[in-house]
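# Geometric and topological summary
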Amino acid sequence: MMMSLGSAIGAGLFVGSGAGIHTAGPAVLLSYVIAGIVVIIMMRSLGELSAAHPSSGAFSVYTSRALGPAAGFTVGWLWWLQLCLVIAAESTAAAQLLNGLWPVFPQWVLALVFMVAFTAVNMLGVGKFGEFEFWFSMIKVGAVVAFLIVGIVFLLGGTPTESPGLSNLSDHGGFFPLGLGGVAAGLLVVAFAFGGIEIVAVAAAETENPAQNIRRAVRTIVWRILIFYMGSVALMVIALPWDSDELLASPFVATLDAAGLPGLGAVLGVIIVVALLSSLNANLYGASRMVYSLSERGLAPAALHRIDGRRVPLLAVLASVALGFVGVLLNYLWAEAVLGILLNIVGSTLIVTWVATIVSHLILRRRAERDGTPMPVKGRGFPYVNYLALAIIAAIIVLGMGVPDVRFQLLATGALVVVLWVIGAALARRRPELATADRV
């Protein structure tokens, strides 16, 4: 559960929330509500499937069982690529923030140091890794809780700076300064923020009692993340004008500065660097286990399935950090632009993962009920909540197609899905045994 918090509470919240506010204005809160509804339904679906069949391949395995190996291949590789991009984004965001607080080393050098250090951490074994990530996650959760408390005190007039009240929600163009198109564009940034929560299903497979652990984790983690995200972003849009440049650069620090507590903002800045590195750590774990699972099922090169004496898939770890090191080069070439590019790319790929999980749950639960196969966990509202989530996602896509930048991301992701599906289908035709491998 702490790993899932560690993955989800990272660049998307500490840095990307400012980009989301600039994209949609105060109406970004609506983007969070909409994405939150979808995430709740998706995680309940994933929790049911994981409790019945724990697997480090998680939704890739379930998609294969529901829709065939080509679909499982597509979702697994897409999620792996997405996490590799997130790893690059987290190292970039941490380096950018630390360079701003302590401009001694160039941004690209800091990114390189982070990538090397956390590659080493992920080679220590899952026990050491889990302990390391637990304490990292505790630090960031404590920081977010402290921010929420200080922010509320500020808005109630308890800090040196006068409270702005609720004026920033209605001034500067109103609550919807950029219209519904802004809400749609903000949804992709928000989707990036929620990305990583699904790692709970990947990590559960390496625990002693996967079914029990996944049930407990899913029940609590979604609400905690929604409170952290919604609460933090609500404080930001109330404390500062949505078009403030300070929000775009470092939203948490900017909010504390606005409250007249610049020293506290600097301390939080250091904690945020730790939080971003925690997210990098958790996402590297998730990426390596996904490509390991793909290899185990014959959907990736066999070498990625090898493990050492500590049961660490070393080659899978090294393959998963490759794009992170490419990110180091990008930091050297385009330090100011690389983070924004990475944040935008990832949001549209997450939508594919969510759709695949929800559809797979629809098919597999109906199959289980038809065959009389018991499922350890059954959520309420099936199948209507699934249809609701799919309808919301369809509306997001339709609205997003009206925004040029969002349309490009959606079309690019769609093209990547087609390419991966064609490769997966060709692989399945050459190896018919893959059609039944995930059903065992």
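This text follows the structure it describes.
Residues numbered from 1 in each chain as written. Predicted model: local features only at pLDDT ≥ 70, side-chain atom pairs only at ≥ 80, totals over all residues. Heavy atoms only, no water.

## Regarding the overall build of the protein
Within the protein, the regular secondary structure consists of 20 helices and 0 strands. Put simply, 81% of the contacts in the protein that link residues at least 6 apart link residues at least 24 apart. With the model as given, the accessible surface of the protein reaches about 17100 Å², and the carbon-plus-sulfur share is 70%. (Helix = DSSP H or I, 4+ residues; strand = E, 2+ residues; numbered from the N terminus. Contact = heavy atoms within 4.5 Å. Areas by Shrake-Rupley, 256 points an atom, 1.4 Å probe, with all protein chains shown as cover.)

## Quick look at helix α19 (residues 404–430)
The end-to-end C-alpha separation of α19 is 39 Å, in line with the 39 Å expected for 27 residues at 1.5 Å each. Of all the residues in α19, the buried ones are Val406, Gln409, Leu410, Thr413, Val417, Leu420, Gly424, Ala425, Leu427 and Ala428. (Expected span 1.5 Å × (residues − 1). Buried < 20%, exposed > 50% of the residue type's maximum accessible area, 1.4 Å probe, protein only.)

## A look at the packing of helix α8 (residues 126–155) against helix α15 (residues 262–296)
In contact at an axis separation of 9 Å, α8 and α15 are set at 140° when each is read in the N-to-C sense. Taken as axis vectors, α8 and α15 run oblique relative to one another. As α8 packs across α15, the resulting crossing turns out to be left-handed. Here Val126, Phe129, Phe132, Glu133, Phe136, Ser137, Ile139, Lys140, Ala143, Phe147 and Val150 of α8 come into contact with α15, specifically with Leu264, Leu268, Ile271, Val274, Ala275, Leu277, Ser278, Ser279, Asn281, Ala282, Tyr285 and Arg289. A class-by-class count of the residues in the contact of α8 with α15 yields 16 nonpolar, 4 polar and 3 charged. (Axes fitted to C-alpha atoms, helices over the stretch in contact; angles between N-to-C directions. Parallel < 35°, antiparallel > 145°, perpendicular 65-115°, else oblique. Left-handed = near helix turned anticlockwise from the far one by under 90°. Nonpolar A, V, L, I, M, F, W, Y, C, P; charged D, E, K, R; others polar.)

## Topic: a nonpolar patch on the surface
The grouping of Leu30, Val33, Ile37, Phe176, Leu180, Leu388 and Leu399 at the surface amounts to a nonpolar patch, some 560 Å² of accessible area in total. Among the elements of the structure, α4 (28–52) and α18 (384–400) are those that each provide at least two residues to the nonpolar patch. If you tally residues by element for the nonpolar patch, the top one is α4, at 3 residues. (Patch = residues over 30% accessible without salt bridge, like charges linked within 9 Å, V, L, I, M, F, W, Y side chains within 5 Å. Salt bridge = Lys/Arg side-chain N within 4 Å of Asp/Glu carboxyl O.)

## A word on the environment of Leu416
With respect to the secondary-structure elements, Leu416 resides in helix α19. Overall, Leu416 belongs to the partly exposed group, its relative accessible area being 31%. Along the sequence, Leu416 and Leu78 sit 338 residues apart, while their C-alpha atoms lie 8.2 Å from each other. Those residues in contact with Leu416 that lie beyond four places of it in its chain are Leu78 and Leu81.

## A word on the packing of helix α3 (residues 16–24) against α4
Contact geometry for α3 and α4: axes closest at 8 Å, N-to-C directions at 115°. Judged by the inter-axis angle, α3 sits roughly perpendicular to α4. Across the interface between the two elements, Ser17, Gly20, Ile21 and Ala24 from α3 touch Val28, Ser31 and Tyr32 from α4.

## Some words on the pattern of salt bridges
Within the structure shown, the criterion is met by 3 salt bridges. Across the pair Arg370 and Asp371 runs a salt bridge whose closest N-O atoms are separated by 3.1 Å. Look at the salt bridges and you will find they share partners, linking Glu48, Arg365 and Glu369 into a network.

## Remarks on a negative patch on the surface
A contiguous patch of negative charge, built from Asp243, Asp245, Glu246 and Asp257, is present on the exposed surface. With respect to the secondary-structure elements, Asp243 resides in the loop between α12 (210–239) and α13 (245–249). A residue is classified by how much of its surface remains accessible, and Asp243, at 37% relative accessible area, is partly exposed. (Lys, Arg positive; Asp, Glu negative; His and termini not counted. Charge placed at Lys NZ, Arg CZ, Asp CG, Glu CD.)

## Here's the deal with the environment of Ser163
Tracing the backbone through its elements, the reader meets Ser163 in the loop between α8 and α9 (167–170). The contacts of Ser163, once residues within four sequence positions are left out, are Phe154, Leu155 and Gly157. A distance of 2.8 Å separates a polar side-chain atom of Ser163 from the backbone oxygen of Leu155. A polar contact of 3.2 Å, which involves the side chain of Ser163, links it to the backbone nitrogen of Gly165. (Polar contact = N/O pair within 3.5 Å; in protein donor to acceptor, adjacent residues only side chain to side chain.)

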